[in-house]
Amino acid sequence: DAGITQSPRYKITETGRQVTLMCHQTWSHSYMFWYRQDLGHGLRLIYYSAAADITDKGEVPDGYVVSRSKTENFPLTLESATRSQTSVYFCASSPLRGRTDTQYFGPGTRLTVL
Amino acid sequence: QQPVQSPQAVILREGEDAVINCSSSKALYSVHWYRQKHGEAPVFLMILLKGGEQKGHDKISASFNEKKQQSSLYLTASQLSYSGTYFCGTEMKTSYDKVIFGPGTSLSVIP
């Protein structure tokens with residue numbers, strides 16, 4: 001009964017490198033989300049997905065790429081990491097029963113870009 | 001379109017009450033409230049769906065004024081376990097299935 005997991009939990013990378021953050025949920029929730037959390041900004045939505053093969057931009061999508069080939073996985077890729085992408089990244093999932101619903105957050109990935 | 005939260009931070013003694021406000025410039029369909037303890041993931045508290053709706057459990061409750069596009073979170077007789085950062089998330093009437101979170105309010109409860 002893992003729920004929603006993220007890997008890695010901590011990552012240090014260098015400017016210009018590509019890095020992929022993984023998110024996996026075992027509930028078969030239709031919706032999945034990626035947020036970044038920075039001091040003073042709260043949680044900002046990067047991308048979200050309503051189902052496999054359906055993704056949409058959030059508030060701050062530039063510099064990020066997502067895919068969702070399977071319902072349970074929603075990886076986030078930084079194609080060419082920049083220092084401004086240093087942040088804590090949270091993945092969330094939601095069954096979205098009806099118009100709106102609870103979001104369940106993963107434990108987060110702390111990413112540092114040097 | 002990010003909602004505004006006030007205050008940014010508040011310090012309480014055990015047993016005191018607090019109110020956290022959330023407001024938006026857009027017409028809202030729902031307001032969500034989450035709490036995040038230091039170093040942990042945000043955890044769901046409640047969703048308010050209808051204008052004027054009030055919800056709560058234990059000593060934490062919330063109201064939603066649809067006409068003013070505002071919501072308030074009420075914490076009564078605060079406990080040490082209430083410490084954390086509280087986020088409101090707003091879902092606009094014109095934007096399906098997407099919740100935009102505010103910057104958060106840091107709440108510290110001291111003995």
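Located above this text is the structure these notes cover.
The notes below deal with the structure included here.

Calculation notes
- Residues numbered from 1 in each chain as written.
- Chains lettered and ligands numbered in written order.
- Predicted model: local features only at pLDDT ≥ 70, side-chain atom pairs only at ≥ 80, totals over all residues.
- Heavy atoms only, no water.
- Pairing = 2+ DSSP bridges.
- Helix = DSSP H or I, 4+ residues; strand = E, 2+ residues; numbered from the N terminus.
- Axes fitted to C-alpha atoms, helices over the stretch in contact; angles between N-to-C directions.
- Buried < 20%, exposed > 50% of the residue type's maximum accessible area, 1.4 Å probe, protein only.
- Contact = heavy atoms within 4.5 Å.
- Buried area = accessible area lost by both parts, 1.4 Å probe.
- Salt bridge = Lys/Arg side-chain N within 4 Å of Asp/Glu carboxyl O.
- Polar contact = N/O pair within 3.5 Å; in protein donor to acceptor, adjacent residues only side chain to side chain.
- Nonpolar A, V, L, I, M, F, W, Y, C, P; charged D, E, K, R; others polar.
- Phe/Tyr/Trp six-rings, centres within 6.5 Å; stacked < 30°, edge-to-face > 60°.

All names here are of chain B. The strand order S1-S3-S8-S7-S6 describes an open sheet built from five strands, whose pairing is antiparallel. What marks the edges here is a single partner per strand, and that holds for strand S1 (4-6) and strand S6 (54-57). Within this sheet the neighbouring strands show an average axis-to-axis angle of 15°, counted without direction. Sheet analysis places S1 next to strand S3 (residues 18-23), joined by three bridges and oriented antiparallel. Residue pairing in the sheet places Gln5 in a bridge with Cys22 of S3.

A cis amide bond links Ser7(A) with the next residue in sequence, Pro8(A), at an omega value of -10°. Take Pro8(A): it is sitting in the loop between strand S1 (4-7) and strand S2 (10-13). Going from Ser6(B) to Pro7(B), the amide bond is cis rather than trans, its omega being -5°. Here Pro7(B) shows up in the loop between S1 and strand S2 (9-13). Positive phi, close to 60°, is recorded for Ser28(A), a residue that is not glycine. You can see Ser28(A) is positioned in the loop between strand S3 (19-25) and strand S4 (31-38). For Ser28(A), a relative accessible area of 61% puts it in the exposed group.

Facing 23 residues of chain A, the contacting portion of chain B comprises 25 residues. With both chains or domains summed, chain A and chain B bury close to 1,900 Å², and 56% of this area falls on carbon and sulfur atoms. On the surface where chain A and chain B come into contact, there are zero salt bridges. Where chain A touches chain B, the interface holds three residue pairs in polar contact (both at pLDDT 80 or more). Of all the elements in the fold, those that place two or more residues in the side of chain A that touches chain B are S4 and strand S5 (42-51) of chain A. Grouping the constituent residues of the side of chain A that touches chain B by class yields ten nonpolar, nine polar and four charged.

Residue and element names in this part refer to chain B. Within the secondary structure, Gln5 sits in strand S1. Gln5 has contacts with Ile20, Asn21, Trp33, Tyr86, Phe87, Cys88, Gly102, Pro103, Gly104 and Thr105, leaving out every residue within four places of it along the chain. Within polar-contact distance, the side chain of Gln5 engages the backbone oxygen of Tyr86 at 2.9 Å. One polar contact links the side chain of Gln5 to the main-chain amide nitrogen of Cys88, over a distance of 3.1 Å.

Moving on to the packing of aromatic side chains. Counted according to the given criterion, the structure contains twelve aromatic pairs over all chains. Summarising the aromatic geometry, the rings of Tyr34(B) and Phe44(B) are spaced 5.6 Å apart at their centres and angled 75° between planes, so their arrangement reads as edge-to-face. Here Tyr34(B), found in strand S4 (residues 28-36), pairs with Phe44(B), found in strand S5 (residues 43-48); they are ten residues apart in sequence, far enough to count as distant. Taking relative accessible area as the criterion, Tyr34(B) reaches 1% and is therefore assigned buried. Members of the aromatic cluster, each reached through a chain of ring pairs, are Tyr31(A), Phe33(A), Tyr35(A), Tyr48(A), Phe90(A), Phe105(A), Tyr34(B), Phe44(B) and Phe101(B).

Our next topic: the sheet that holds S1(A). Residue and element names in this part refer to chain A. What the four strands build is an open sheet, ordered S1-S3-S8-S7; its pairing is antiparallel. Across the chains shown, the open sheet's two edge strands, defined by having one partner strand only, are S1 and strand S7 (64-66). On average, adjacent strands in this sheet sit at an angle of 20° to one another, irrespective of strand direction. Two strands pair when backbone bridges link them, and S3 and strand S8 (residues 76-78) are joined in this way by three bridges, in the antiparallel orientation. The residue bridging Val19 from the neighbouring strand is Leu78, located in S8.

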